[in-house]
Structure formats: structure tokens, C-alpha cells
Amino acid sequence: MFCPFCAPITFECMNMSKAKSTRDRRIALPGVTRVTRSSINPQDSRRSKPTDSGLVDDLSLMSVSEQQASLARKGKSYQSSKAVLSSSPSGSSVPRGALETISRLMKLGRVRNIVVVAGAGISTGSGIPDFRTPGTGLYANLAKYDIPYPEAIFNIDYFSDNPHPFFSLAKELYPGHHRPNYVHYFIRMLHQKGLLLRMYTQNIDGLEKLCGIPDDKLVEAHGSFATAACHLCYTPYPAEEAKQAIMNGNVPICTFCAGAVKPNVVFFGEDLPEKYFQHAQDFPKADLLMIMGTSLKIEPFASLVNTVKSTVPRLLLNRDPVGPFERRPLRRADYMELGDLSDSVQKLAEILGWHSEIQDLMNSHETGLCSYTDPSNSSGENSDSSETDSMH
């Protein structure tokens, strides 16, 4: 949910002033266009209403459960829709579901370069709240931090004036309190099967790495807690020292310019990490795009899903339709399975015949994680000893 890194910058450190905006503090590199994290303006979203003439195409791209929901909104019954479908010029009957269609492509070997785009929803099964769910999302529970609006806690200019709200929240966000769940291990299984081209994640919880997805297969588009730096001059700072200061209620201070140090998670208004720009090579190569657990509200990450070829299948596994999947009719190569993400992913794994393999992988890997002792824990106790495994 956060925003990416920045390229090296030159500046006059001694003349810095916290009163300047972040943009003014940076000197742009010649010929380089800055790409920063931002929210989509809800007024810019355009949603077209489905028409009866598009009913057959609409239904042909949905799973059975989605057909029922869509027809109910149109005031039509699912049973009557079968007649509509069977009377179509092609003479087709009720179509195969989204998961069955995608799994068939995978089994036939037509998919070899899968790109996964993931958001906070893949980690809710690990006990980490997402950001935007009403009532339970992170943004709905920030009143205690006394901030002017929810997103301010991840705004770099607000942080520059008052870092304390973020540091208070960071105590809860630091990795080490949660474990990967079934969804993470499904993505790792894609890698082990030689099918994962790359995973692009908005998450900063580190669970992708913890479940064993290699660094070269992972793009943490909104950064991580693994490193830290001064938010003014970008001088690197020991990540463990920054963590200890934050956990003790202190603000880590840069020894070079006296600016506040923060973990390298990307805030609104900050540059995306260099690795993010691999998308220019990855997405044109993709032969399947899987979109999981995201609201597609944060740019430029949200627009990545529109950069695959128009003939490439896109599978949305999500609670609700988002982004281009809100349009009707759907693009012919678009598929979606709505509902609980863990249930949908497990269903896909079962169709593929991978469920037992994933369970075995989870059990063996989690045994290793449970025996791991966090070196930052001075008592030498298992850092996960008090956690309840919520992966199943």
C-alpha cells in the first residue's frame, strides 16, 4: 500500500529546510521522469452500465455464481439465462467457470509466464487488515493517531512535519508478527512449477519473501521494512537500529542531516523503487495475469493490469470487481472469481491438482519458520511463539 524508492539525488544538505516540500528538496536527474505513488480520483472513474444486447457476452465470461448475481441485478433469472445462451448464434450452453477455464489453459501448457499482481487482500488470511474495507480496514481505524485524513499517515510531507503518527502505527506494521497463508504458498508453487514470471506486490508485510518467493521473482512496488534511510537526504541507516528506536518510542535521526529516518516503505509523494520499472519488460511477456486481493485504487500500480496484450487472459480473484473488471461487458479474455480469496485460490489449486503439494510445502516451510529465532529478540525466544497459525 505504500510507494516506491528513489534514485540517488544530489543536494545541498546544509541548506536544507524542513519547510520545503519533498519535491523541492529533490533534484531531478536529467532525462528521468519521476513516477510517484498517488490515489485515483473517484470522479475519474467511469463505469458503463450493461445492456441486454451484451447479456450473452457478459455471462460467457463469468463463473456460474457471478452469472446468478449479475442476472439478479438485471431482474432476470438464472434458469431463463440458459435459454438466452443456448439460443445464441454459436449455440453455446452455460460456459465453463473462470477457474476451470484458466486451469485448463495451464494444464494444456498454454501458460508459461504468469505475472501476479497482489494487494493487501492476500494477507488478510494471515491476520493483517487491508486498508479500505469499511469498519475493519486500516484506514477506518486511525482515529487514535489524530491525523487530518487517513492517508496522511503515509504522506511524505505530513511525515516530514510530524513523524510520530506513522512511527506509532509502524510498531504494529513491522514484520515478524504474522506468517504467510495459503495464498502466498500458492504463488510460491507457481514459481516451483516454473510458471511465475514475476510477482508485483503492493504489500510491505514481507510475507512473500517469508514464504520463499525468491528476490528475483518479486517486485515490492511499495517498498519494505528491510532497509531504512533518511527521508530528507536518503542516506542509508541501519534497519535494525531504526526498528529498535521506533519500538522504543523514539524517532531515529540521520547522523548526516538530522532528518527523521524511516523504513523504506513508499509514501504518497515518494518515488517508486527502481525495480518497479521491470514491468515494461515483464507485462508484454506475460501469457496470464493473475490479480489478487487489491482495490486497484493506487496509481501507477493500478494501471499495470492494462499493460498486458489484449489477447492475454486476466483472472481477477477478489472480493469485489475492481478496475477494468467493473465494466460490462468484460473484455473477452477477462475472467473473475469473486468471494473469499483464500477459498477461491484453494479451489483453483484443487482443480489444478496442487492442493496436497501446497499443504505439504506449507507444513514443511512453517516448521522451519517456527524454529527460527529472531536475532532482534534479546531474550532469545521464538519471535512467532505467541502467534496462531491462520493459514488454513
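Computed from a predicted structure; not experimentally measured.

Before going further, it helps to spend a moment on the pairing of strand β3 (residues 196-201). Buried residues dominate β3, accounting for six of its six residues. Sheet topology note: the strand β2 (residues 114-118)/β3 ladder contains five bridges and is parallel. Following the sheet pairing, Val-115 is matched in β3 by Arg-198. Pairing analysis gives three bridges linking β3 to strand β4 (residues 218-220), with the strands arranged parallel. Each residue of the ladder has a partner; that of Tyr-200, found in β4, is Val-219.

A few words on the packing of helix α5 (residues 98-107) against helix α12 (residues 341-352). Remark: α5 packs on α12, axes separated minimally by 9 Å, with the N-to-C direction vectors making an angle of 45°. In terms of orientation, α5 lies oblique with respect to α12. Judged by the sense of rotation from one axis to the other, the crossing of α5 with α12 is right-handed. Contacts from Leu-99, Glu-100, Ser-103, Met-106 and Lys-107 of α5 reach α12 at Ser-344, Lys-347, Leu-348, Ile-351 and Leu-352. When grouped by side-chain class, the residues that make up the contact of α5 with α12 number five nonpolar, two polar and three charged.

Moving on: the confidence of the model for the chain. When pLDDT is averaged along the chain, the result is 77; 66% of the residues meet or exceed 70. Long-range and interchain partners of residues 41-66, a stretch whose pLDDT sits below 50, account for 49 contacts in this model, where long-range means more than four residues apart. Segment residues 373-392 is flagged for pLDDT under 50; beyond a separation of four residues in sequence, or across chains, it makes 33 contacts in the model.

Considering all chains together, one arrives at ten salt bridges under this definition. Where Lys-347 meets Glu-337, a salt bridge forms, and the shortest distance between an N and an O atom there is 3.5 Å. With Lys-347 in helix α12 and Glu-337 in strand β11 (residues 334-338), this pair connects stretches of sequence that are ten residues apart. For Glu-337, a relative accessible area of 7% gives the class buried. Each of Lys-209, Asp-215 and Glu-220 takes part in salt bridges that share partners, so that together they form one network.

Here we come to the sheet that holds strand β7 (residues 261-265). Reading across the sheet, the three strands line up as β6-β5-β7 and stay open at both edges, with antiparallel pairing between neighbours. If you trace the sheet from one side to the other, it starts and ends with β6 (236-237) and β7, each paired once. Across two bridges, strand β5 (residues 223-230) lies against β6 in antiparallel orientation. Residue pairing across strands places Ala-228 opposite Tyr-237, the latter belonging to β6. Most of the contacts of helix α10 (residues 239-247) go to β5, to which it runs at about 90°, and overall it touches β5, β6 and β7.

Reading the values: rules and limits
- Residues numbered from 1 in each chain as written.
- Predicted model: local features only at pLDDT ≥ 70, side-chain atom pairs only at ≥ 80, totals over all residues.
- Heavy atoms only, no water.
- Buried < 20%, exposed > 50% of the residue type's maximum accessible area, 1.4 Å probe, protein only.
- Helix = DSSP H or I, 4+ residues; strand = E, 2+ residues; numbered from the N terminus.
- Pairing = 2+ DSSP bridges.
- Axes fitted to C-alpha atoms, helices over the stretch in contact; angles between N-to-C directions.
- Parallel < 35°, antiparallel > 145°, perpendicular 65-115°, else oblique.
- Left-handed = near helix turned anticlockwise from the far one by under 90°.
- Contact = heavy atoms within 4.5 Å.
- Nonpolar A, V, L, I, M, F, W, Y, C, P; charged D, E, K, R; others polar.
- pLDDT = per-residue confidence, 0-100.
- Salt bridge = Lys/Arg side-chain N within 4 Å of Asp/Glu carboxyl O.

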